[in-house]
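# Tertiary structure, described
Listed below, chain by chain, are the residues.
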Amino acid sequence: MNYIAEILAFEQWLESHYLPISSQLLWYKLMYLSNKSGWSEWVVVDNLRLMAAVQMSREATFIKARDELIKAGLVEYRKGKKGSPNSYRMKSIIEINTFKNVVQKEVQSEVKKGNTFKSEVKSVVESEVKSEVYPVVKSVVESVDIYKQKQKHKQNNIPPISPVAHFEDFWKAYPNQKRRALAEQAYCNLVLSGIITEEELVASARNYAKHIEETGDKMYLPNNFLEKYIFEDFLSGTNQEEAESVDVAEPEEELIGEDEEWWKYGPNSLEG
């Protein structure tokens, strides 16, 4: 080892590493003893001598300082046997730094090679994806667009169903507003069948409401009024007296429970 060069390397090492003052002083004393021995591989020295050299009175303090040097990789320690002091071998900081620099350069070189390889692989993969996958994806997207356009065109060519627009007018005009769902179904069936127009049904509801107001008769349920074609007797222009003389079944009474079922399916039922 070169004594001066190692000291300079140690000071440079301290600029980027932490080491307690007691451990630094112990390193200097061990380096001095190693140089004095003619750079023997192992320097044999007992604890008391080293404690006196660094002016430490407690062995625990000395051992802690020595352990910091060992932990930092600056000194190797070999415990002595009974009657034989401990041994120390100094690690060349110049060699440590040189090895570290070489390793660092190798690592950087490998990383650079790795990045280059990664870039090349990425380029090849992207090229393959564009040449193989992109045409397939483009074809699928175009097929989907064509299908959507056909479906849209098909939907646009479907003729609209004639709307039933005036049921609300019928419902508001009819005097007995019960069983709306059944009434609406019967109303739609009549209109869509083409048997009668909505205007005529609304007019019949208004005429029937006027008839009930004048006579006070019991009222038909709206679905029976439509399904049994009773509305025909109250169309616009129908002679009311003639309509009253028509022999039709009597309207249903407002019954509930078992009486309602009996009335609905008994001999006076208008739904039979």
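Note that this is a predicted model, so its numbers are computed, not measured.

To continue, consider the packing of helix 1 (residues 3–14) against helix 2 (residues 21–36). The geometry of helix 1 relative to helix 2 is characterised by a closest axis approach of 11 Å and an angle of 165° between their N-to-C directions. It follows from the interaxial angle that helix 1 and helix 2 lie roughly antiparallel. Our pair here, helix 1 against helix 2, has a crossing hand that is right-handed. When helix 1 is examined against helix 2, the residues Tyr3, Glu6, Ile7, Phe10, Glu11 and Leu14 are found in contact with a partner set consisting of Gln24, Trp27, Tyr28, Met31, Tyr32 and Asn35.

On to the nonpolar core. Ranked by size, the top nonpolar core spans 25 residues in total, and within it Trp27 and Leu74 carry the most contacts. Of all the secondary structure elements, the ones that give two or more residues to this core are helix 1, helix 2, helix 3 (47–53), helix 4 (59–71) and strand 3 (87–90). What leucine 74 contacts, discounting residues up to four positions off in sequence, is Phe10, Trp13, Leu19, Trp27, Leu69, Arg89, Met90, Lys91 and Ile93. Phe167, Phe170, Tyr220 and Leu226 belong to the second largest nonpolar core, which has 22 residues in total.

Looking now at the sheet that holds strand 2 (residues 75–78). Reading across from one edge, 1-3-2 is the order of the 3 strands in this open sheet, with antiparallel pairing throughout. The open sheet has two edge strands with one neighbour each: strand 1 (43–44) and strand 2. In terms of strand pairing, strand 2 meets strand 3 through 4 bridges, oriented antiparallel. When the bridges of strand 3 are listed, glutamate 76 appears paired with arginine 89. Along the sheet face, helix 4 touches strand 2 and strand 3 and points at about 125° away from the line of strand 2.

As a further point, take the pattern of salt bridges. Evaluated as defined, the whole model comprises 4 salt bridges. A salt bridge links arginine 89 to glutamate 76; the nearest nitrogen and oxygen atoms lie 2.5 Å apart. Here the residue arginine 89 occupies a position in strand 3, and glutamate 76 occupies one in strand 2, the gap between them amounting to 13 residues. Owing to a relative accessible area of 25%, arginine 89 belongs among the partly exposed residues under this scheme. Among the ionic pairs, arginine 180 bridges to glutamate 168, the shortest N-O distance being 2.3 Å. Highlighted residues: arginine 180 in helix 7 (residues 180–193) and glutamate 168 in helix 6 (residues 167–173), separated in sequence by 12 residues. Judged by its relative accessible area of 38%, glutamate 168 falls in the partly exposed class. Several salt bridges share partner residues, and in doing so they unite Glu41, Glu76, Arg89 and Lys91 into one network.

Conventions adopted
Residues numbered from 1 in each chain as written. Predicted model: local features only at pLDDT ≥ 70, side-chain atom pairs only at ≥ 80, totals over all residues. Heavy atoms only, no water. Axes fitted to C-alpha atoms, helices over the stretch in contact; angles between N-to-C directions. Helix = DSSP H or I, 4+ residues; strand = E, 2+ residues; numbered from the N terminus. Parallel < 35°, antiparallel > 145°, perpendicular 65-115°, else oblique. Left-handed = near helix turned anticlockwise from the far one by under 90°. Contact = heavy atoms within 4.5 Å. Core = buried A, V, L, I, M, F, W, Y, C linked by side-chain atoms within 4.5 Å. Buried < 20%, exposed > 50% of the residue type's maximum accessible area, 1.4 Å probe, protein only. Pairing = 2+ DSSP bridges. Salt bridge = Lys/Arg side-chain N within 4 Å of Asp/Glu carboxyl O.

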